[in-house]
Amino acid sequence: MPAPRLRGTLHLPADKSIAHRALLFTAMGHGTATVAMHRPGADVRSTIAAIAALGALTTQSTGDDGALVLTIAGGGRSDSAALPGSDPVTLDCGNSGTLMRLLTGAATTRAGRTTLTGDASLSTRPMERVAVPLRAMGAKVTTSDGHAPVVVDGGAHLTATAHSLPVASAQVLGAIALAAVTADGTTTITTPGPTRDHTERLLAFLGAPVTREDHATTLTGPTGWECRDITVPADPSAAAFWLVTGAIHPDADITLADVGLNPTRTGIIRILERMGARIDVTPAGTVGPEPAGTLRVRSGPRLTAVDLTADDVADVIDELPVLAVAMAAASGTSTVRDAAELRVKESDRIALTVAGLRALGVDAEELPDGWRITGAPVRATPSATRAVVATAADHRIAMAFTVANLAGVGTTDCDVDDLACADVSYPGFLDDLGALT
Ligand code: S3P
């Protein structure tokens with residue numbers, strides 16, 4: 001049902017991509033440091049549980065600003081990074097592909113056997129894409145028919161290798177970089193397109209010899225780092241739900257505080273602006289190695305259609321379901337192409353996004369690598385009908401269709417069949433929604 005008016009300032013959960021890395025890289029470093037973050041989602045809590053199971057988590061407390069502060073003792077030396085421990089350990093990665101893939105690389109630095117398991121969704125996702133390049137370096141990694149459980153026998157001698165990845169994946173790149181810290185020499189990882197660069201920024205912040213240029217990351221090993229305190233900014237992928245809502249709603253003024261503004265993550269702002277959205281960005285310096293600032297979105301003229309291809313897709317890969325909601329409200333026909341990766345995320349996000357929009361009465365069509373959507377003006381009044389949108393327990397699908405309902409997209413109101421899954425990346429999503437309405 002459309003909300004009449006949306007107002008308020010939100011302090012969003014910590015960036016999932018940065019939080020996973022801050023926790024793991026600290027657990028691989030030398031010495032002790034803190035990682036501070038607000039409202040970690042279930043995926044990040046899986047990483048916290050994993051480093052606790054490895055014996056790296058010393059204490060958890062609440063900072064003056066309400067942030068969760070984790071004190072971590074790394075398992076590495078200053079010249080050689082390593083996850084702690086040598087006993088066999090099984091780590092449950094829950095729903096998190098990023099955790100499982102990064103850990104596959106990181107576990108090569110541990111002396112013992114590490115077994116990585118995940119939930120039903122994660123257990124269907126492709127893991128050979130990370131095992132293959134690691135094996136090429138000499139790592140002992142097995143998957144179960146290409147999937148979890150993944151077993152890593154750490155401590156093998158690794159060889160610095162040049163990799164050319166078939167998919168532009170920051171997760172796979174990160175896994176290789178973490179293994180490369182113990183290899184003697186320079187490992188190069190070239191991707192077919194841009195990737196989010198949190199691994200490179202954070203490793204460089206910690207002092208590791210890493211560079212990224214022209215879609216190629218190089219890291220020279222063996223290397224280690226001294227742990228440093230890290231604060232994680234708020235998640236631009238969580239901000240995306242409110243940026244889209246504010247841009248299509250007729251009476252919205254929403255402010256989002258301390259959001260990460262890494263240019264490899266702010267494609268959502270650039271694309272919404274291309275569609276005509278009114279978004280003010282106020283940079284506020286850097287949080288550790290990451291830029292951050294305040295975002296404000298206000299209602300404006302109706303958005304116009306946009307066509308997205310490979311160049312745009314990498315920067316908004318996680319935001320495409322909610323961008324589809326913006327497309328469904330825009331004038332004209334929008335397309336997304338070159339986004340076949342969406343089919344192997346937490347769900348088949350192409351199939352579910354299009355099916356959900358169609359359930360709302362939106363003119364939407366599935367393409368092999370994206371979709372075509374013809375928009376219609378949002379409704380200011382509730383409809384007499386109420387559709388149920390299938391989410392396959394995918395957090396981003398659940399939140400995208402919840403904000404579609406809030407903004408009156410399509411010809412019918414809707415409920416999602418599972419909103420509890422929002423907790424994966426955005427604990428307190430419904431509270432924030434309530435605060436705005
Ligand atoms: C992530 C990279 C992206 C993204 C995922 C988080 C990361 O996946 O979709 O949500 O933190 O490295 P790919 O690496 O598969 O592109």
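This text gives an overview of the structure that appears in the document.

### Describing the overall build of the protein chain
- The helix and strand tally for the protein chain stands at 13 helices and 22 strands.
- Scaling as 2.2 N^0.38, a compact globule of 437 residues should have a C-alpha radius of gyration of about 22 Å, and the protein chain matches this with 21 Å.
- Reported as C-alpha extents along the three principal axes, the dimensions of the protein chain are approximately 65 × 45 × 35 Å.
- Here the protein chain holds 437 residues, and the buried ones make up 60% of them.
- In the protein chain, of all internal contacts separated by at least 6 residues, the share reaching a separation of at least 24 is 76%.
- On the protein chain, roughly 15000 Å² of surface is accessible, and the fraction owed to carbon and sulfur atoms is 53%.

### Quick look at the site of the ligand
- Around the ligand lies a shell formed by Ser 17, Arg 21, Thr 98, Ala 168, Ser 169, Ala 170, Gln 171, Arg 196, Ile 317, Asp 318 and Lys 345.
- Between the ligand and Arg 21 there is a distance of 2.6 Å, counted from an oxygen atom to a side-chain nitrogen or oxygen.
- Considered on its own, the ligand offers 380 Å² of accessible surface; in the complex 94% of this is hidden by protein.
- Spatially, the ligand is embedded in the largest pocket.
- Elements with a contribution of two residues or more to the shell around the ligand: helix 1 (16–28) and helix 5 (170–180).

### A short note on the packing of helix 3 (residues 97–106) against helix 5
- Direction vectors running N to C along helix 3 and helix 5 enclose 25°, while the axes themselves pass 7 Å from each other. Comparing the axis directions of helix 3 and helix 5 gives the class roughly parallel. Two packed elements cross with a definite hand, and for helix 3 against helix 5 that hand is right-handed. Counting all contacts with helix 3, which are made through Gly 97, Thr 98, Arg 101, Leu 102, Gly 105 and Ala 106, the residues of helix 5 involved are Gln 171, Gly 174, Ala 175, Leu 178 and Ala 179.
- Class assignment of the residues belonging to the contact of helix 3 with helix 5 gives a composition of five nonpolar, five polar and one charged.

### Details of the sheet that holds strand 17 (residues 307–308)
- Pairing in this open sheet of four strands is mixed, and the strands run 17-18-20-19 from one edge to the other. Of all strands in the sheet, those with a lone pairing partner are strand 17 and strand 19 (363–367), marking the two edges.
- Where strand 19 meets strand 20 (residues 370–374), five bridges bridge the pair, whose relative direction is antiparallel. Following the sheet pairing, Ala 364 is matched in strand 20 by Ile 373.

### Some words on the sheet that holds strand 5 (residues 89–92)
- Across the sheet, four strands lie side by side as 5-6-8-7; this open sheet has mixed pairing. Of all the strands in the sheet, just strand 5 and strand 7 (140–144) have a single pairing partner and so form its edges. Strand-to-strand, the axes of this sheet are offset by a mean angle of 20°, without reference to chain direction.
- The pairing of strand 6 (residues 113–117) with strand 8 (residues 147–153) spans four bridges and is antiparallel. Directly across from Thr 115, in strand 8, lies its bridge partner Val 151.

### Focus on the layout of surface pockets
- Looking at the largest pocket, its volume works out to about 750 Å³.
- Looking at the largest pocket, it is lined by 40 residues, and the ones nearest its centre are Ala 168, Ser 169, Ile 317, Glu 341 and Lys 345.
- Counting only elements with at least two residues in the lining of the largest pocket, the list comes to helix 1, helix 3, helix 5 and helix 9 (310–313).
- The dominant element in the lining of the largest pocket, judged by the number of residues it contributes, is helix 1, at four residues.
- The wall of the second largest pocket is formed by 18 residues, among which His 38, Asp 65, Thr 231, Val 232 and Asp 258 lie closest to the centre.
- Classifying every residue of the lining of the second largest pocket by side-chain character gives twelve nonpolar, four polar and two charged.

### Things to note about the pairing of strand 2 (residues 32–37)
- Relative to strand 4 (residues 68–73), strand 2 is paired through six bridges, and the arrangement is antiparallel. Bridging from a neighbouring strand, Ala 33 pairs with Ile 72 of strand 4.
- As paired strands, strand 2 and strand 13 (residues 230–231) are joined by two bridges and run parallel to one another. Looking at the pairing, Val 35 lines up with Ile 230 of strand 13.

### Observations concerning unusual backbone geometry
- The omega torsion of the bond from Ala 148 to Pro 149 falls at -5°, within 30 degrees of zero and hence cis.
- As for its placement among the helices and strands, Pro 149 is situated in strand 8.
- For the peptide bond that leads from Gly 221 to Pro 222, omega is -5°, which places it in the cis range.
- Looking at the element boundaries, Pro 222 is found in the loop between strand 12 (216–221) and strand 13.
- Phi is positive for Asp 338, which is not a glycine, with a value near 60°.
- In this fold, Asp 338 is placed in the loop between strand 18 (333–336) and helix 11 (349–359).
- In the Ramachandran plot, Ala 393 falls in the positive-phi region, its phi being about 60° despite a non-glycine side chain.
- Here Ala 393 lies in the loop between strand 21 (386–389) and helix 12 (395–407).

### Some words on the side chain of Asp 43
- By the secondary structure assignment, Asp 43 is in helix 2 (residues 42–53).
- Only 2.9 Å separates the side chain of Asp 43 from the side chain of Lys 16, close enough to count as a polar contact.
- Those residues in contact with Asp 43 that sit more than four places away from it in its chain are Lys 16, His 20, Asn 95, Ser 96 and Val 424.

Thresholds, definitions, all that
Residues numbered from 1 in each chain as written. Predicted model: local features only at pLDDT ≥ 70, side-chain atom pairs only at ≥ 80, totals over all residues. Heavy atoms only, no water. Helix = DSSP H or I, 4+ residues; strand = E, 2+ residues; numbered from the N terminus. Rg over C-alpha atoms; globule rule 2.2 N^0.38 Å. Buried < 20%, exposed > 50% of the residue type's maximum accessible area, 1.4 Å probe, protein only. Contact = heavy atoms within 4.5 Å. Areas by Shrake-Rupley, 256 points an atom, 1.4 Å probe, with all protein chains shown as cover. Near = heavy atom within 4 Å. Polar contact = N/O pair within 3.5 Å; in protein donor to acceptor, adjacent residues only side chain to side chain. 1 Å grid on protein atoms, 1.4 Å probe; cavity = no way out; pocket = protein on both sides within 12 Å on 5 of 7 lines; lining within 4 Å. Sits in = over half its atoms within 2 Å of the grid points. Axes fitted to C-alpha atoms, helices over the stretch in contact; angles between N-to-C directions. Parallel < 35°, antiparallel > 145°, perpendicular 65-115°, else oblique. Left-handed = near helix turned anticlockwise from the far one by under 90°. Nonpolar A, V, L, I, M, F, W, Y, C, P; charged D, E, K, R; others polar. Pairing = 2+ DSSP bridges. Points joined across faces, edges and corners; volume = space filled by probe spheres on them.

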